[in-house]
Amino acid sequence: MQSLFKNLYQFSAYIPPMDFTIHQYLLAAEPSILFAAGTSAQAEAALPRIKEILQGRELKYIFVSHIESDECGGISVFQKAYPELQVICSNFGARELPGYGYTGKLLPVSAEKQIKDGDLDLQFFDYPSEAHLQNGLVCFERKSGIFYSSDLMLRFGNGANRLISGKWKDEVAAVGLDRIPSAAALEKLKADLITVKPSFIAVGHGFCVACEE
């Protein structure tokens, strides 16, 4: 399986009636991390390919941006395959994940927390995506330059293995109240995001973005 960017692998499901694509991503670093577990069916489909890519190495982390079926519906599938798995999520997510059948290790974080582990240097941003604007998270992996945007930056269309070019500042500027229905929370997140400079945006839905200078 060919990587999408550096050692980042994409697993996609396209839904024609919605003209919508759902993605999960494996960053096959040391240690490895999966961005979004997908639904149960998507997790079952991705797991054999993930095992092939990792070639016997463990999947150490899954990053769950927020509580929604395409982000965490398949979480128990991966727990069965990798019992020592750790799920990185918000404090809200840590309270809700047992409802999806997850009984494994949880690593709740906030925007003030960074995780540095081997090849990974993860920086988090509060993403007020949950019910009543309780915080989820988006994540920037600083060493690879990969930003996982979850639902924050999305487009319709079949985006499986397809890239577009764009400027980070334009992608940030385009995030509107349809994504975060609070003007104050939206402006704070934009101000925080513009302080980093990703090379690649791994979107939850649609077309990934190769960032121009």
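Here, every reference points to the structure presented above.
Residues numbered from 1 in each chain as written. Predicted model: local features only at pLDDT ≥ 70, side-chain atom pairs only at ≥ 80, totals over all residues. Heavy atoms only, no water.

**Examining the overall build of the protein**
- For the protein, the helix and strand inventory stands at six helices and 13 strands.
- Relative to the 2.2 N^0.38 estimate, which gives 17 Å for 213 residues, the radius of gyration of the protein is 16 Å and therefore close to what a compact globule would have.
- In the protein, which comprises 213 residues, the share counted as buried stands at 54%.
- Contacts in the protein between residues far apart in sequence, at least 24 positions, make up 61% of those at least 6 positions apart.
- For the protein, the exposed surface amounts to about 9400 Å²; the carbon and sulfur share of it is 50%.
- For the protein, the separation between the mean place of its 20 positive charges and that of its 25 negative charges on side chains is 4 Å. (Helix = DSSP H or I, 4+ residues; strand = E, 2+ residues; numbered from the N terminus. Rg over C-alpha atoms; globule rule 2.2 N^0.38 Å. Buried < 20%, exposed > 50% of the residue type's maximum accessible area, 1.4 Å probe, protein only. Contact = heavy atoms within 4.5 Å. Areas by Shrake-Rupley, 256 points an atom, 1.4 Å probe, with all protein chains shown as cover. Lys, Arg positive; Asp, Glu negative; His and termini not counted. Charge placed at Lys NZ, Arg CZ, Asp CG, Glu CD.)

**A word on the pattern of salt bridges**
- All chains considered together, the criterion is met by seven salt bridges.
- One salt bridge in this structure joins Glu30 and Arg57, with 2.9 Å as the shortest N-O distance. In this pair, Glu30 is assigned in the loop between β2 (20–27) and β3 (32–35) and Arg57 in the loop between α1 (40–54) and β4 (59–63), connecting sequence segments 27 residues apart.
- Residue Glu171 pairs with Arg155 through a salt bridge whose shortest N-O separation is 3.0 Å. Taken together, the positions of Glu171 in helix α5 (residues 168–174) and Arg155 in the loop between β10 (146–150) and β11 (163–167) put the pair 16 residues apart, joining distant regions of the chain.
- Relative accessible area serves as the criterion here: at 10%, Glu171 is assigned to the buried category.
- Looking at Arg155, the relative accessible area reads 30%, which means it is partly exposed. (Salt bridge = Lys/Arg side-chain N within 4 Å of Asp/Glu carboxyl O.)

**Notes on the side chain of Asp121**
- Its location among the elements puts Asp121 in strand β8 (residues 120–127).
- Asp121 sits in the buried class, given a relative accessible area of 10%.
- Those residues within four positions of Asp121 in sequence are excluded, and the remaining contacts are Gln114, Ile115, Lys116, Phe140, Glu141, Arg142 and Lys143.

**Concerning unusual backbone geometry**
- Of note, the amide linkage connecting Glu30 to Pro31 takes the cis form, showing an omega dihedral of 5°.
- Of note in this structure, Ala36 is not a glycine but carries a positive phi near 80°.
- Among the structural elements, Ala36 can be located in the loop between β3 and α1.
- One non-glycine residue, Asn161, adopts positive backbone phi at about 55°.

**Structural notes on helix α6 (residues 183–193)**
- Among the residues making up α6, those that are buried are Leu186, Leu189, Lys190 and Leu193. Buried residues along α6 cover an arc of 100° about the axis, so they all sit on one side. Every exposed residue of α6 that faces more than 90 degrees away from the buried side is listed here: Ala184 and Lys188.
- Looking at the buried side of α6, the elements it contacts are β8, β10 and α5. (Arc of directions from axis to C-beta.)

**Details of α1**
- Helix length check: α1 (15 residues) gives 20 Å between terminal C-alpha atoms against 21 Å at 1.5 Å per residue, within 8%.
- Of all the bends found along α1, the most pronounced is centred on Ala46 and spans about 35°, while Pro48, a proline, follows it within four residues.
- The inward-facing, buried residues of α1 contact β1 (8–15), β2, β3, β4 and α3 (75–81). (Expected span 1.5 Å × (residues − 1). Bend = angle between axes of the 7 residues up to and from the residue.)

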